[in-house]
Amino acid sequence: MTKKTKKKVHLTLTVNGEEQEVAFAPHKTLLEVLREDMNLTGTKHGCELGECGTCTVLVDGRPVLSCLALGLDGEGKEITTVEGMDDKGRLHPLQDAFADLGAAQCGYCTPGFLLTAMALLEKNKKPTCQQMKEALSGNLCRCTGYIKIYEAIELAAARMRGVKAEIRQESIYGEE
Amino acid sequence: MARKNPYKTIGTPVRRIDGRSKVTGQTKFADDLVLPRMLFCKLLRSPVSHATITSVDISKALAYPGVKAVLTGRDLPVPFGILPVSQDEHSLCLDKVRFAGDPVAAVAAIDEETAFEALDLIKVEYGKLKEIDSMFTAADTAEPRIHDYGDIGNTHKLVALEFGEMEKGFAEADHIREDLFFFEGNTHLPMEQHAALAFFDPDGKLTIWSSTQTPHYLHRALAKVLAPLAASHIRVIATPNGGGFGGKSDPFNHEIVVSKLAMVTGRPVKICLTREEVFYCHRGRHPVLMKSKIGVKKDGSITALDFESYLDGGGYGSYGVASTYYTGALQTVTYKVPNYKFNGARFFTNKPPCGPKRGHGTPQPRFALEVQLDKIATDLKLDPAELRLRTLHPPNSLTANYLKVGTIGLGECIKKVVAGSNWREKYGKLPLGKGVGIACSSYLCGAGLPIYWNNMPQTGVQLKLDRSGGVAVFCGETEIGQGSDTVLPMVVAEILGIDTYDIRVCVADTDLTPVDLGSYSSRVTLMMGNAAIQAAERAKELISKAVGEKLAVPASQLAFADRRVFNVSKPEQGMSFAEAVVCAEAKFGTLGTTGSYSPPISHGKFKGAGVGPSAAYSYSACVVEVDVNPATGIVVVDKVWMAHDVGRSINPTLVMGQVEGSIYMGLGEALMEEMAYRNNVGVVHKFPSMLEYKSPTTLEMPECVTYLVEDPDPNGPFGAKEVGQGPLLPIMPAVANAVFDAVGVRVDEIPVTPEKVLKALKLKAKGKEPRVGPTRLPTVVWPEPIRVATPWQGGDGKALSGEEKRRHALPTPR
Amino acid sequence: MMRLPKFTYLQPRSIGEAVKMISDAGPTAMFVSGGTDLYPNMKRRQQVPKTVIGLGRVRDLSRKRGSPAEGVVLGAGMTLTRVCEDKAMKAAYPALATAAGLIATPLIRNMGTIGGNLLLDTRCNYYDQNYEWRKSINFCMKKDGDICWVAPSSPRCWAVQSSDCVPVVVAIGAKVKLVSRDGERLIEAKDLYNDDGIEYLRKRPDELLTEIHLPAVNGWKAAFAKLRRRGSFDFPVLNCAAWVKLAGTTVTEARIIIGAVGSHPIEAVEAAKLLIGKPLTDEQIKAAGDAAFAPAKPLDNTDFMMGWRKEMVRHYVGLALREVRDGRMPSTFKV
């Protein structure tokens, strides 16, 4: 029995192409609503202050920090989380490439990187390494050193362009 | 590029088995777990760095609507700690607090916000004590003591070891240098904050899911603190870690607290630390001051090395005693050191406790040694790469401190990076502002001894074979991103001739899996790998017997490949693996095999010999090319060449990932990572945030060229050695050495920041010694060293008795 | 997890609605645009408004109009990404586009707005900390305490102006429009800022910043340089905007604004004066850089040592001036 009256807001959010009615406390961030009220725990959190990029989701196709967005402001927008990247279980080429190349090690920063990369490839089908670095400069990773991430994006981008692309042997085995 | 690989699975870039789960967001990390009626825990932490706790009033917090329980130190009076010799932590501080951030009370409430609001209602009265902000203050402050134990005053531990004849060694030298170095403390900064969920079921059994690297050690700590709850009624499940790097290998306050709260409330209790709290958990790299005195011959070969290290340990012991020994252990495994002396001191200070971070106590002395050798090279006008090549430790031999070096591919590593980087055309020859630096290192493949004394294996693997042809493999190992969950089935798949994906991996569950000591010390590939080989070979033996009988083929003629078991000389004579299992189960009954592993007995028998030995050592060499702006001091790393002697790559993709990740973390340490504290408003962390604790972004990571050198080690599974820590170590000294090559100044400190470089440049311009670095050491009264005769003196690894010291005509102690 | 405190959230759809809401709600209300400055501060309890008025649905705030020939008007609600990627902006107002593009990270730029950046809260190592940390040091003058820890005997707060767009808009002579229930006013950007860490804006809390009026491009050039530890995330420890009017090769007018070395953007008056009537040579640029050293007074409340930051003023003023002259950053400028 609580002294405080808690009023939840009740609205419809469109997440990964699906409309869902959700009720949540109005001061909750989109990160908290996704994880705690919609059971979509694929979006992670590393700091909740906008200092690491781990919580990245797409809102109307643009990568933003879900820890600094209100759940309320998600109304009327198309929200994409990592759970929405695959197509009926068929992995997005980025997901395949990240998994195959070891661009995901502990995997905790991975959803944020995947979505930022997906948004990049929407705008730029053949990004240079420098362009990738700049687009991903707001996502921190402590495991990979980023190198396999660029290689995975490059591979996925090529496949998405319909080019037959192979992983460089040196990426896997090192230089001779 | 033809790659000779005698194996079908080992050495191939199999997709990591948790890869797809991670890229779809399905992997459940600890904070992703939810149980019905779950409560949330928040910890109240001390705002002061050193104080007695005079009183704690939790009444208002208990009465706050939504709060279900409040705990204080009295509720968990049994101390714990990772090392048996430093059981100095309480789940919630009992009588005193030892750093700003030390947990004092805990609240369990219906949601996190309520718990947070209730914290403000807890009134704690503190009796402030003198704050000990540095190792200098600790060395000079006998009272008040931060802890009631320790060698003397606030000096936690003093180590003094001597191998060989130091006076003679220095007398033989053509050139002697003495240098001071400092390596600032830094932290792991895993992307995932620590989190744990505890559940106490109606039968009185506790389960805790936690982001921990060491479920077995957590299990032991829980059993100790929560007694009389039996250890067999406690289950620890390590969830996949979102990064560990050593920061999640202590048993932690919050893990024990949520367990107790679950017992007290009868409901599941979860905690997830904020990023700031992760800084207070810390257990990161010790700040270390070092004095190194080295004697060398004209060709750079070492005649004697006298090394002193001073560690700032923070408020608790953690792994610190081991860390102290580690700062003196591995100096001898790269270059031959015929006479070696090591003095180490660890101090308690009122800051978050330091512990193991990737490299555990070895990066700091490695920095000192590699920079000092660079200075030697300059003094003697030698090429630093040549100097190292000439003085490599021979393979299959003992070091002065009784570490057994097996394979050592370091020479090959040096040659690769020298050639790849065009070292000869660059070193000493690039224009002002551009420079190259070289450094080498080594790391062990699992500590020779476990954290607590016992005669049991360090790791165990169990196999269950199913009639469907699937295999389940059980091991206590923990996936922290390094890929151990993938190495395990790859080993089994190789031996049984099946696909990695046919194998169900069951890990890190103290109820279900045999003990593995944990993912620390780079032990898992070597130890778990060897245990898995044993378990799989035993399964293969059973199957071979049954199938051999069935087919009338000698068991030794049977091959296991492509999910079949068949006659090597007549491949069409065989059966599927599934059929083979059925055959074996019919003959032997339910099938199950085990394998276990313990490292070889160490050769050193003196006190302290337990830290350093390992079944094998990996080796790394790197060249770093930098661009230093002489006007600003800003250092940019343009390129890194890294060669790592891995023995054999079990999975090259995973190996490359570890090398690249190690380079990244090394660069962070070299240039910008610092655990900084202020003492003008009390001793507090200067900025416990991911914004202000600088870790490199994509824009700071340079191009990297990696060479993997494979010189299979007989002690490694398929010859494999470690790769998770080794390649980090040479980066920091290589950067410092490169800065010297670029602008002619020495920064004898990590991190190498623009302010320090510019300061050194200004000194140079004034004609003063162009060096920035430490100039003084804490005052320590060293104990009498334990003296050990070196192997080449005919020593047996034991400490010399008084009589033996006289016989060896060793000099009288200073 | 760090969580926001409870608050009432209002979502006006027009400027008129927004200013009425804040007037009605009173002093415990604040506007929020991208949320990238306010929400972290709220999670750390540095700012705890009871009512937050979100401007995301006020479309009028995101409009851009005008032309470089007559002057461009930017809606305060334009995201930093829009400002830095807009082709017309990059061509005509490259200093502002560069400054906006160097802020934080691409993710934050997708959310943060130029108006929000112009009003960015001042920053300090003692202030930008979590609630419990600040409580343990008895808070500070800027929030809940009495002492400015970076200058304990000072009667004023020394929190640092940390925006990247501010020095540029001040240097180029932009104007800003402030709207309230009582009317509107258009003021010089430089008049918006005050030399105090707490009262750092000359704007009433109930006034809404709606537009930034960029001057017509008619013979002047400007450039921006930023110093920070890493290539992204970090706030400036020093930045500089240089604005120069040239007649042929001779400088007729100049303004040099240094940021992140005080509570307000600092005009290096003597440094700019030095340049007048002469060509913009390397010697002149060095002299200006050296002259800018004196008015820059960084304190020990950001990343890096203050002595080094002050020393860097010479070089970064030089970088900005060289870019004005040569149209590109010198190769030594990497971050």
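Residues numbered from 1 in each chain as written. Chains lettered and ligands numbered in written order. Predicted model: local features only at pLDDT ≥ 70, side-chain atom pairs only at ≥ 80, totals over all residues. Heavy atoms only, no water.

Residues and elements named next belong to chain A. As assigned here, chain A comprises domain 1 (9-84) and domain 2 (93-173). When each unit is reduced to the centre of its C-alpha atoms, the spacing between domain 1 and domain 2 is 23 Å. Between domain 1 and domain 2, the contact holds 15 residues from the first and 12 residues from the second. Of the roughly 1100 Å² buried at the junction of domain 1 and domain 2 (both faces included), carbon and sulfur atoms supply 65%. Run the count over domain 1 and domain 2 and you get zero salt bridges. Our count for the contact surface shared by domain 1 and domain 2 stands at four residue pairs in polar contact (both at pLDDT 80 or more). (Domains from an automatic or database assignment. Contact = heavy atoms within 4.5 Å. Buried area = accessible area lost by both parts, 1.4 Å probe. Salt bridge = Lys/Arg side-chain N within 4 Å of Asp/Glu carboxyl O. Polar contact = N/O pair within 3.5 Å; in protein donor to acceptor, adjacent residues only side chain to side chain.)

So, about the interface of chain B and chain A. Listed per partner, the contact involves 63 residues of chain B and 58 residues of chain A. Here chain B is connected to chain A by seven salt bridges. We note a salt bridge from B:Arg15 to A:Asp100, for which the minimum N-O separation is 3.3 Å. Along the contact surface separating chain B from chain A lie 32 residue pairs in polar contact (both at pLDDT 80 or more). Along the lines of polarity and charge, the residues of the side of chain B that touches chain A split into 24 nonpolar, 22 polar and 17 charged. (Nonpolar A, V, L, I, M, F, W, Y, C, P; charged D, E, K, R; others polar.)

Take the pattern of salt bridges next. Within this structure, the stated rule accounts for 96 salt bridges over all chains. C:Arg3 serves as the salt-bridge partner of A:Glu32, at 3.5 Å between the closest nitrogen and oxygen. Here A:Glu32 is found in helix α1 (residues 30-37), whereas its partner C:Arg3 is found in the segment before β1 (8-10) on a different chain. For A:Glu32, a relative accessible area of 1% corresponds to the buried category. C:Arg3 gets classed as buried once you look at its relative accessible area, which sits at 12%. (Helix = DSSP H or I, 4+ residues; strand = E, 2+ residues; numbered from the N terminus. Buried < 20%, exposed > 50% of the residue type's maximum accessible area, 1.4 Å probe, protein only.)

Backbone-to-backbone hydrogen bonds pair the strands of a sheet. The strands run either parallel or antiparallel. Residues and elements named next belong to chain B. If you trace the four strands from one edge of the open sheet to the other, you get β21-β20-β19-β25, paired in mixed fashion. Looking along the sheet, the strands with just one partner apiece sit at the ends: β21 (503-507) and β25 (592-597). Sheet twist, expressed as the mean angle between neighbouring strand axes with direction ignored, is 20°. Two strands pair when backbone bridges link them, and strand β19 (residues 459-465) and β25 are joined in this way by six bridges, in the antiparallel orientation. Residue pairing across strands places Thr459 opposite Tyr597, the latter belonging to β25. Sitting on the sheet, helix α14 (residues 484-496) touches β19, β20 (471-475) and β21, and the angle it makes with β21 is about 140°. (Pairing = 2+ DSSP bridges. Axes fitted to C-alpha atoms, helices over the stretch in contact; angles between N-to-C directions.)

Here the focus is the interface of chain A and chain C. At the interface, 34 residues of chain A touch 27 residues of chain C. Across the chain A/chain C interface, buried area totals approximately 2500 Å², and carbon plus sulfur atoms make up 62% of it. When the buried area of chain A at its contact with chain C is split by residue, A:His27, A:Leu49 and A:Leu68 rank highest and sum to 25% of it. At the junction of chain A and chain C, the tally comes to five salt bridges. The salt bridge partner of A:Lys123 is C:Glu85, with a shortest N-O separation of 3.8 Å. One can count eight residue pairs in polar contact (both at pLDDT 80 or more) joining chain A with chain C. Secondary-structure elements contributing two or more residues to the side of chain A that touches chain C are α1, β4 (62-65), α3 (110-123) and α4 (129-135) of chain A. For the side of chain A that touches chain C, the element with the highest residue contribution is β4(A), accounting for four residues. For the side of chain A that touches chain C, a count of residues per class yields 14 nonpolar, 10 polar and 10 charged.

The next subject is the packing of aromatic side chains. Describing an aromatic ring pair means giving the distance of the ring centres and the angle of the ring planes. Residues and elements named next belong to chain B. One pass over the full model with this rule turns up 21 aromatic pairs over all chains. Centroid distance Phe183 to Phe367: 6.0 Å. Interplanar angle 85°. Geometry classified as edge-to-face. In this pair, Phe183 sits in strand β8 (residues 175-183) while Phe367 sits in helix α10 (residues 363-380), placing the two residues 184 residues apart along the sequence. A relative accessible area of 0% places Phe183 in the buried class. (Phe/Tyr/Trp six-rings, centres within 6.5 Å; stacked < 30°, edge-to-face > 60°.)

Let's shift gears to the domain arrangement of chain B. Residues and elements named next belong to chain B. Per the domain assignment, the segments of chain B are domain 1 (33-129 + 188-281), domain 2 (159-187 + 284-448 + 605-772) and domain 3 (457-597). Summarising the inter-unit geometry, the C-alpha centres of domain 1 and domain 3 are found 39 Å apart. Each partner contributes residues to the interface: domain 1 has 18 residues there, and domain 3 has 16 residues. Overall, the association of domain 1 and domain 3 removes approximately 1200 Å² of surface from exposure, summing both partners, and the carbon and sulfur fraction of that is 51%. Contact with domain 3 buries surface across domain 1, with Gln213, His216 and Arg235 losing the most and accounting together for 38% of the total. Linking domain 1 to domain 3 there are two salt bridges. A salt bridge links Arg235 to Asp511; its shortest N-O distance comes to 4.0 Å. Elements supplying a minimum of two residues to the side of domain 1 that touches domain 3: α6 (215-226) and β11 (234-238). With five residues, β11 is the largest single contributor of residues to the side of domain 1 that touches domain 3. A breakdown of the residues in the side of domain 1 that touches domain 3 according to their chemical character gives eight nonpolar, nine polar and one charged.

In terms of nonpolar packing, the biggest core is built from 169 residues, with A:Leu94 and A:Phe98 touching the most fellow members. When sequence neighbours within four positions are dropped, the list of residues in contact with A:Phe98 reads A:Ala103, A:Ala104, A:Thr110, A:Phe113, A:Leu114, A:Ile149, A:Ala152, A:Ile153 and B:Val23. Counting residues in hydrophobic clusters, the runner-up holds 79 residues, among them A:Leu70, C:Ile108, C:Tyr193 and C:Ala241. (Core = buried A, V, L, I, M, F, W, Y, C linked by side-chain atoms within 4.5 Å.)

With 99% of its residues at a pLDDT of at least 70, chain B reaches an overall mean of 97. Predicted confidence for residues 810-814 of chain B stays below pLDDT 50, and this span has 12 contacts to residues more than four positions away or in other chains. (pLDDT = per-residue confidence, 0-100.)

All names here are of chain B. Two elements in contact, helix α17 (residues 652-671) and helix α18 (residues 731-743), have axes whose closest approach is 8 Å; the angle formed by their N-to-C orientations is 50°. With respect to α18, the element α17 is oriented oblique. In this structure, the crossing between α17 and α18 has a hand that is right-handed. Side by side, α17 and α18 meet where Ile663, Gly666, Leu667, Glu669, Ala670 and Leu671 of the first sit next to Ile731, Met732 and Val735 of the second. Tallied by class, the residues present in the contact of α17 with α18 amount to seven nonpolar, one polar and one charged. (Parallel < 35°, antiparallel > 145°, perpendicular 65-115°, else oblique. Left-handed = near helix turned anticlockwise from the far one by under 90°.)

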